[in-house]
Amino acid sequence: METPATTEVLAGWGGTAPSAAGVVRPTSVDELAGALDDPPERGVIARGLGRCYGDEAQNAGGRVVDTTAVSGIVDLDLRQGVCTAAAGTSLEDLMRWLVPLGWFVPVTPGTRFVTVGGAIANDIHGKNHHKGGSWCNHVSALTLRLPGGDTVRVTPDSDPDLFWATAGGLGLTGIILDATFDLHPIETSRLLVDTDRTPDLDATLALMDESDDEYPYSVAWIDLMKTGAGMGRSILGRGAFAPLDALPAKDRTPGRARAFSPSTRATFPPLAPNGLINPLTVTAFNELWYRKAPKRRRGELQTITTFFHPLDMVERWNRVYGPVGFLQWQFVVPFGEEQTLRRIISALCDEGCTSFLAVLKRFGAANPGPLSFPLPGWTLALDIPAGPSSLARLIDRLDDEVVAAGGRLYLAKDSRVRPELLEAMYPRLDEWRAVRARVDPDGVLRSDLARRLGL
Amino acid sequence: MRDAVGGVQSVLVLGGTSEIALATVRRMVDQGCRTVLLAARNPDDCLAAAAAVREAGATTVDTLAFDALDTASHGTVIDEAFTRHGDLDVVLLAFGVLGDQAEFEADPAKAVAAVQVNYVGAVSAGLHVARNLRRQGHGTLVVLSSVAGERVRKTNFVYGSSKAGLDGFAQGLGDSLVGTGASVLVVRPGFVHTRMTEGMEPAPLSTTPEVVAEAVTDGLAKGQAVVWAPAPLRLVMSGLRHLPRPLWRKASERG
């Protein structure tokens, strides 16, 4: 170890279950690779921008490698649209550099503040999953430092087991040093967005089934505070990158057409009390949000930030939940299990689950990653204040429904699932464990999540 | 590891026959805790509780010998507890003796023995636990203090002062652990109906082990440093704390 470690208390974005570790901050690829050498007794895990909600990127009593200073594009093919970037490169930086050149990242989640390494370790998905799959579908190669001291270049052909075990592998197969991935060509940095307001769940699902495939990007915001006849009412936002001629004439110069300069408008102060998010405030917020959306609007021009990353406009928005923090619960159930989806939504609505901005999305095909989350079906993600509540019990019960329907939870968001459900959710867990045993026989790569779930 | 809704996966009880501790463990197991270690002077005294905990759903249940008075053995016993079944999310420091004030005054050696358990033993065990939690990078030491230590009464000042010392120790230890991932939760129950208090006249706001247990698990979930059981005691005591001495003497004449 060349870089000295400082003891820091780390938590995920939800701010729950913090733990302390020796944090190292390598500033070069060599140092990043060296961070796996001489591992402490309690192991090593890499951490990017800390946007996983739970305890995936923390390692109590061990070493945490902050990769964010190992950032930058290593190689760029602007003709083919292929980029190689260091593991700590954020999607935000990639967008700042590439959007003006006419290229977009292949997948973006609801925040730009994730790293290339984190994108692989969680096999992140976004609004284009139904068409384009998840992040690792677009990765052609990655460089991985293994605990034994080897650095290997892994492609889906060279070592498919290791490649796909690393895709969604929670950082537990090695430290990712860099990755090569495809880019998506764009003419402008704006999107043409169609908005539809649906009165209930049936209408929401029907509309998504019927016409999602006409759009590369699609997601529904669903109001979980609305009970009764309007249960499942949603605002669908679907769109595609705008062609140059869709912009007003004055914006068609290359500088303007592909301008991308996102800024945060505010930082949430660290003053929010526990309980600010309560049934009253959330019902009011959701009602307002629903009403301000047009019933039907076609072809509205929106920026990348407005369409993909609205929450990024408020830095540290997670503070709104107060010191007790919050958790996100995201599950997927296969197509054909709409009744399960309905039962779960109905149970959440009845409980008054105080979730604003719950998100519903139709997934497309799965990829070969044994721990990759998406599978063809419906995924719902919602935020819940943490701390003691009856909701914990409800969610526990709903986990069983998800499992019974052949679904699963997204581990990047998890901070509370019962470990005994994991094998049912990820039936190929043993395959993944076998790869892990091969590349990390001594169990050097460890995280709080791995301990909690007995991975 | 702890989860986001306050659930813990593993707990060690020092003083594994304490009714408050066992009520707390039951609650934790109910919320998903699977590893329970019960430590007592005579581990056989914990066998019935161990069986009940296993029945309730814990999968790894173990008992071990721990003598609060034998401080020289604390390091080995506690280190062993921390390695036997992996990480410990919570350690409940629950041993203690109430004793009888009149007896203490008649035989000061008995008072010394009680203070050795309640304070000296707790300081020793607490420090060994803290060292392990610090190494582990997470976990909470839950210390069963008492309102009797908040303002010591003439009718049980030996017990009360041992708890006052323990309470101060636990708060200071908690402050010293900030930034290490480990923490301390100080629990201040009022009069609790248990074997310990059997036959005594209950004080106002008397409570049950289950109420204390709920205060502990809620306090853990919220990451609190101090909890009172029942909660209104906090207000009551903040008033009584500032009562002039003559009035306090008068007010604390009962039991």
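Residues numbered from 1 in each chain as written. Chains lettered and ligands numbered in written order. Predicted model: local features only at pLDDT ≥ 70, side-chain atom pairs only at ≥ 80, totals over all residues. Heavy atoms only, no water.

K.L.:
What should I look at first to understand the domain arrangement of chain A in this one?
P.N.:
Much of the literature gives interface size as the accessible area that the parts lose upon coming together. Residue and element names in this part refer to chain A. Entries for chain A in the domain assignment read domain 1 (73-186) and domain 2 (190-423). Using only C-alpha atoms to locate each centre, domain 1 and domain 2 end up separated by 23 Å. Where domain 1 abuts domain 2, roughly 3000 Å² becomes buried across the two surfaces, and 60% of that area is made up of carbon and sulfur atoms. Where domain 1 meets domain 2, there are 1 salt bridge. For the side of domain 1 that touches domain 2, the elements supplying multiple residues, two or more each, are helix H2 (91-98), helix H4 (129-132) and helix H5 (160-166). Split into classes, the residues belonging to the side of domain 1 that touches domain 2 amount to 14 nonpolar, 14 polar and 6 charged. (Domains from an automatic or database assignment. Buried area = accessible area lost by both parts, 1.4 Å probe. Salt bridge = Lys/Arg side-chain N within 4 Å of Asp/Glu carboxyl O. Helix = DSSP H or I, 4+ residues; strand = E, 2+ residues; numbered from the N terminus. Nonpolar A, V, L, I, M, F, W, Y, C, P; charged D, E, K, R; others polar.)

K.L.:
Help me understand the environment of Glu210(B) in this model?
P.N.:
Residues and elements named next belong to chain B. Mapped onto the elements, Glu210 comes out in helix H7 (residues 209-222). The sequence separation of Glu210 and Tyr159 amounts to 51 residues, and the corresponding C-alpha distance is 23 Å. When neighbours within four sequence positions are excluded, Glu210 is seen to be in contact with Ala23 and Arg26. (Contact = heavy atoms within 4.5 Å.)

K.L.:
Even after reading the chapter, I still don't get the interface of chain A and chain B, so can you show me in this structure?
P.N.:
Across the contact, 26 residues belong to chain A and 20 residues belong to chain B. Buried area between chain A and chain B, both sides added, is near 1700 Å², and the carbon and sulfur share of it is 57%. Here chain A is connected to chain B by 3 salt bridges. Here Arg451(A) ties to Asp87(B) by a salt bridge, and the two come within 3.9 Å at their closest N and O atoms. Counting across the chain A and chain B interface gives 7 residue pairs in polar contact (both at pLDDT 80 or more). Here the side of chain A that touches chain B takes 3 residues from helix H14 (residues 448-453) of chain A, the largest share from any one element. Class assignment for the residues of the side of chain A that touches chain B results in 11 nonpolar, 6 polar and 9 charged. (Polar contact = N/O pair within 3.5 Å; in protein donor to acceptor, adjacent residues only side chain to side chain.)

K.L.:
So what exactly am I meant to see when it comes to helix H1 (residues 19-30) of chain B here?
P.N.:
Counting along an α-helix, one turn takes 3.6 residues, and residues three or four places apart therefore face a common direction. All names here are of chain B. Under the 1.5 Å per step criterion, the end-to-end length of H1 is 16 Å for 12 residues, consistent within 8% with the ideal 16 Å. When we look at burial in H1, the residues that qualify are Ile20, Ala21, Leu22, Ala23, Thr24, Val25, Met28 and Val29. A distance of 3.3 Å separates the backbone nitrogen of Ile20 from a side-chain oxygen at the start of H1, and that oxygen is part of Ser18. In the stretch just after H1, Gly32 is the one whose phi turns positive, near 115°. (Expected span 1.5 Å × (residues − 1). Buried < 20%, exposed > 50% of the residue type's maximum accessible area, 1.4 Å probe, protein only.)

K.L.:
Even after reading the chapter, I still don't get the pattern of salt bridges, so can you show me in this structure?
P.N.:
Side chains that carry opposite charge are capable of pairing whenever their charged atoms lie near each other. According to the stated counting rule, one finds 46 salt bridges over all chains in the structure shown. For Arg96(A), the salt bridge identified is with Glu92(A), shortest N-O distance 3.3 Å. Placement of the pair is Arg96(A) and Glu92(A) together in helix H2, with a separation of 4 residues, close to one helical turn. Overall, Glu92(A) belongs to the buried group, its relative accessible area being 12%. For Arg393(A), the salt bridge goes to Asp30(B), with nearest N and O atoms at 3.4 Å. Remark: Asp30(B) occurs in helix H1 and Arg393(A) occurs in helix H11 (residues 390-404); the pair is interchain, linking two chains. On the basis of relative accessible area, Arg393(A) is assigned to the partly exposed category, the value being 49%. Note on Asp30(B): relative accessible area 52%, which makes it exposed.

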